[in-house]
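Working through the structure, step by step
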Amino acid sequence: MLLLEEIFKSKKLQHSERFNLRVQRSLSWFKKSLELEHDLDLQFISLWIALNALYVQDMNVAQDTQALQQFLNSIHQQDQEDRIDSTLWGKLSPLIARLLDNPYAYQAFWDYKNQKISQSTWQADFVQAKQQVQHALQEQVSIAVLTLLFNRLHTLANQLTHGGATYNSSMSRQTMQEACQILAAFLSSCLYVLLENAPVLDVGQPFYPIIQVC
């Protein structure tokens, strides 16, 4: 974190104000997450906010999903040091595989529970999803794994931020702990890549720009 803050400070004059605002906001939430090691729910929420600060441009749900995908694609494309791939295929790979195999982090399961789709549809979807995961992991197709992974993380984020889980529930501790590890590692990698490629990865004005309060 200290290194990220030092890099950010040393390069601020080279970047646009809107880029600096995004990174500043993200770093503030990332830093807070490090203080929440024993509060996994709030740590995950802080990490998710830190990620959102880097790319969100609109509050439309469908557009947000598309924007996240575009952000991940751009980050991976510009990652000359292979930080993202190192995170994907390094020591966190067993945690990533476990999260991708977790039905409770798969949105279709909850769609079935909410009677939006049938049990057979959800089960068929999950079998197909597992096949996609297996192929992406075996072939080490990084961007495919990133897409599948952040779909799962998005479901966990929705559960927490929309009141779909009890605070500090014992039922989800391992999943939440591993999700925090994964998200923190990717957030760190994303920030490094952003700071190294600011002119290319400046996604524009944040949805909530800074204002002067009289």
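Fair warning: this is a prediction, and the values are worked out from it, not measured in the lab.

Among the nonpolar cores identified, the biggest contains 54 residues, and Phe44, Phe150 and Leu153 are the most heavily contacted of them. Examining the composition of this core, we find that 13 residues originate from one element, helix H10 (residues 173-196), more than from any other. The contact partners of phenylalanine 44, leaving out residues within four places of it in the chain, are Leu153, Leu156, Ala157, Leu160, Met176, Ala179, Cys180 and Leu183.

Counted under the stated rule, the structure contains seven salt bridges. Between aspartate 41 and arginine 173 there is a salt bridge whose closest N-O contact spans 2.8 Å. Taken together, the positions of aspartate 41 in helix H3 (residues 40-55) and arginine 173 in helix H10 put the pair 132 residues apart, joining distant regions of the chain.

In this section: the state of the cysteines. The full count for this structure, using the stated rule, is zero disulfides. Residue cysteine 180 stays outside any disulfide, its sulfur separated by 16 Å from that of cysteine 190, the closest cysteine. On the accessibility criterion, cysteine 180 (3% relative accessible area) is buried. Residue class for cysteine 190 comes out buried when judged on its relative accessible area of 2%.

Take the layout of surface pockets next. Its volume calculated, the largest pocket comes out at about 980 Å³. When contributions to the lining of the largest pocket are tallied by element, the ones reaching two or more residues are helix H2 (17-34), H3, helix H4 (61-78), helix H8 (119-139) and helix H9 (142-161). Tallying contributions element by element places H9 first for the lining of the largest pocket, with 10 residues. Grouping the constituent residues of the lining of the largest pocket by class yields 19 nonpolar, 13 polar and six charged. Reported here for the second largest pocket is a volume of approximately 360 Å³.

Rules and cut-offs
Residues numbered from 1 in each chain as written. Predicted model: local features only at pLDDT ≥ 70, side-chain atom pairs only at ≥ 80, totals over all residues. Heavy atoms only, no water. Core = buried A, V, L, I, M, F, W, Y, C linked by side-chain atoms within 4.5 Å. Buried < 20%, exposed > 50% of the residue type's maximum accessible area, 1.4 Å probe, protein only. Helix = DSSP H or I, 4+ residues; strand = E, 2+ residues; numbered from the N terminus. Contact = heavy atoms within 4.5 Å. Salt bridge = Lys/Arg side-chain N within 4 Å of Asp/Glu carboxyl O. Disulfide = S-S within 2.5 Å. 1 Å grid on protein atoms, 1.4 Å probe; cavity = no way out; pocket = protein on both sides within 12 Å on 5 of 7 lines; lining within 4 Å. Points joined across faces, edges and corners; volume = space filled by probe spheres on them. Nonpolar A, V, L, I, M, F, W, Y, C, P; charged D, E, K, R; others polar.

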